[in-house]
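# Structural overview for review
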Amino acid sequence: MINLLYCGNDKVFDGMLTSLLSIMERSAPDVYRVYLFTMDLTRIKDAYTPISDSMVAFLDKTLKTYNPQNEVIKIDVTEQYENDFHKCPNEGAYCSPYTLIRLFADKFDMPDKLLYLDADIMFNRDIHLLYDIDVDNVEYAASNDHYGKYLINPRYINAGVILFNMKKCKETGLFEKARGWIKRKKLTFADQSAIIRSTTKKKLIAQKFNDQKFLHKHTVVRHFSKRLFWFPYPHTDNIKQYHIEKVHKVFKYHQWDDVYDIFLKLKKEYEGESNAHTR
């Protein structure tokens, strides 16, 4: 069984759907249990609404077409967030407060091996290449941050793809220590900085498991994070995998066109079901 964790609000539904489809279409058959951490934070912004039950049900139904044993589980962490992070120094995090909620993973009954994924990633090769990495003697395995390894530290990691050994993390208090940092100090990269500062022992794995800039034949995970472009002038852009026209035009990627065909069909199906329920 493969255990996955995604976090976010209802605005990342397209990201979760495309990401999961890429796993299903690029990997050998297995049983998947997918945990979705979400919360209601409309006290900060009207757009901060949780992943809806209808979205969870649709994702669950979609994964069950690949294997009836697959399961999507929604976990509302609003209470945990408000108890620990209400008006904390990092509530205005560089992305959103939803980047912080994976730090509550030790508060729930999670499996010993858990792969955390940002919603803006696509698998280019079989997920088993990543999930089967041995993390028995470390808290987690992660790849370098593309820019951080040059600008901060050669072993500086990107927290968008992390293979957790939850048992070890609980023994060392990784998540508890990270929450402590979030509560008391404003950090440049919030959750990522907190995890790095709280780490006792990690395994640094190849860039191909979290490639934030390039897509090679050997790339396992392409992470569509914000990146720097030099042409036609130096600028940053935040192109996500579900911005299909930009993926084609800017990146010239067509590796996932089969996945996009399925995604567009399913998205139309979901919107049809949603419209029917609102009539």
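The structure we're discussing is the one just above.
On a predicted model such as this, the values are computed, not experimentally measured, just so you know.

### Regarding the overall build of the chain
When you go through the chain residue by residue, the secondary structure sums to 10 helices and 11 strands. In terms of C-alpha radius of gyration, the chain reaches 18 Å, essentially the compact-globule figure of 19 Å for 279 residues. The C-alpha extent of the chain, read off along each of the three principal axes, is 45 × 40 × 40 Å. When each of the 279 residues of the chain is scored for burial, the buried share is 54%. The long-range fraction of contacts in the chain, counting pairs at least 24 apart against all pairs at least 6 apart in sequence, stands at 72%. As displayed, the chain has an accessible area near 13,100 Å², and 52% of this comes from carbon and sulfur atoms.

### With respect to the pattern of salt bridges
A complete count under the given rule lists 17 salt bridges for this structure. A salt bridge links D14 to K267; its shortest N-O distance comes to 3.1 Å. Of the two residues, D14 sits in helix α1 (residues 13-26) while K267 sits in helix α10 (residues 257-278), which places them 253 residues apart along the sequence. Its relative accessible area of 18% is what places D14 among the buried residues. A relative accessible area of 19% places K267 in the buried class. Across the pair K61 and E269 runs a salt bridge, and its minimum N-O distance is 3.1 Å. With K61 in helix α2 (residues 53-64) and E269 in helix α10, the pair connects residues that are 208 residues apart, well separated along the chain. The network of salt bridges with shared partners includes D84, D106, R179 and K183.

Rules behind the numbers
Residues numbered from 1 in each chain as written. Predicted model: local features only at pLDDT ≥ 70, side-chain atom pairs only at ≥ 80, totals over all residues. Heavy atoms only, no water. Helix = DSSP H or I, 4+ residues; strand = E, 2+ residues; numbered from the N terminus. Rg over C-alpha atoms; globule rule 2.2 N^0.38 Å. Buried < 20%, exposed > 50% of the residue type's maximum accessible area, 1.4 Å probe, protein only. Contact = heavy atoms within 4.5 Å. Areas by Shrake-Rupley, 256 points an atom, 1.4 Å probe, with all protein chains shown as cover. Salt bridge = Lys/Arg side-chain N within 4 Å of Asp/Glu carboxyl O.

Without other data, these values stay purely geometric and don't point to any function.
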